[in-house]
Amino acid sequence: MSGSVRAAGRPDPQPREPSSSPRPRWGLVLAGAAGGAALALYVAAAPFVAPALRRVCLPFVPASPAQVDNVLRLLAGRRGALVDIGSGDGRIVIEAAKRGFRAVGYELNPWLAWYSRYRAWRVGVHHSTTFYICDLWKVNFSEFNNVVIFGVPQMMPQLEEKLQQELKGSARVIACRFPFPSWTASHESGKGIDTAWSYDSKSFKITGNESLNKTTERTGPV
């Protein structure tokens, strides 16, 4: 008699489930990798975008090529000492030095100041550039006859008053992105956010003296 024969007393073997090896959780791995990359990027970038001025929150926003060109166009024919207030990564100072200025940058963020020094050394203008790690409100700008500022509206009235008191009659101030609120620009270059305004100190010092005289007339001499 044909057929299969089983050994007596042995139970039928139970079917086995197919073995499955643990699978990697690719979603968690990718999420972890993305989170780590984002954290690393933040750690690397945070020192550069941190606010650069204490009185006013002014994060670092690099000047565009058009903004740099407009600033330099308004400085054409000028000579002497130049200062960039809140110099960021040093691009205005470096480009001014290439054109013969003795250029100085004041920057509160030490990472940006150190990076600016490196950039100046790399392009070969480190002998004619200087970068200070300093709060602009603690600096006297009377030695400069060319001043550049990339400011924000909140700081411009205070800075206007400070420069009006400190600068000499031969100075020129270039503001980019936002103009000064009370001064009248002698020239401007560019459009929109790339606009730069030029102010000659002779005009805004006269305006400041007139305002002071009117105040004295109303209140009497101090």
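Remember, predicted model here, so these are calculated numbers, not experimental data. Once a new chain begins, its residue numbering starts again from 1 and follows that chain's sequence as written. For this predicted model, a pLDDT threshold of at least 70 governs which residues receive local features, and a threshold of 80 or more governs which side-chain atom pairs are given and counted, while totals over whole chains, interfaces and linings are taken from all residues. Side-chain calculation: all heavy atoms of the structure are included, whereas hydrogens and water are not.

A. Representation of the environment of V83. In this fold, V83 is placed in strand β1 (residues 81–85). Sequence separation between V83 and I149 is 66 residues, and the spatial gap between their C-alpha atoms is 8.6 Å. The criterion used for residue contact is that any of the two residues' heavy atoms lie within 4.5 Å. The contacts of V83, once residues within four sequence positions are left out, are V104, Y106, F141, F144, N146, V147 and V148. Secondary structure follows DSSP: runs of H or I at least 4 residues long count as helices, runs of E at least 2 residues long count as strands, and numbering of each begins at the N terminus.

B. Region of interest: the pairing of strand β3 (residues 129–133). When DSSP locates at least two bridges between a pair of strands, those strands are taken to pair. Relative to β3, strand β2 (residues 102–107) is paired through five bridges, and the arrangement is parallel. Bridged to A103 within β3 is T129. This β-α-β element, β2 to helix α4 (residues 110–123) to β3, shows right-handed connectivity. Note on handedness: a crossover is taken as right-handed if, strands pointing away from the viewer, the path from the first strand over the helix to the second is clockwise.

C. Quick peek at the packing of helix α2 (residues 65–74) against helix α3 (residues 91–98). Note on definitions: angles span 0 to 180 degrees between N-to-C directions of axes, and those axes are lines fitted to C-alpha atoms, for helices only across the stretch in contact. The contact between α2 and α3 brings their axes to 11 Å, and the two run at 45 degrees. Classified by the interaxial angle, the pair formed by α2 and α3 is oblique. In this structure, α2 crosses over α3, and the sense of that crossing is right-handed. Across the interface between the two elements, V68, V71 and L72 from α2 touch R91, I92, E95 and A96 from α3. Note on residue categories: nonpolar means Ala, Val, Leu, Ile, Met, Phe, Trp, Tyr, Cys or Pro, charged means Asp, Glu, Lys or Arg, and polar means any other residue, Gly included. Here the contact of α2 with α3 is composed, by residue class, of five nonpolar, no polar and two charged. Note that the term roughly parallel is reserved for angles under 35 degrees, roughly antiparallel for angles over 145, roughly perpendicular for angles of 65 to 115, and oblique for everything else. Each helix crossing is assigned a hand: it is left-handed if the near helix lies turned anticlockwise from the far helix by less than a right angle, otherwise right-handed if that turn is clockwise.

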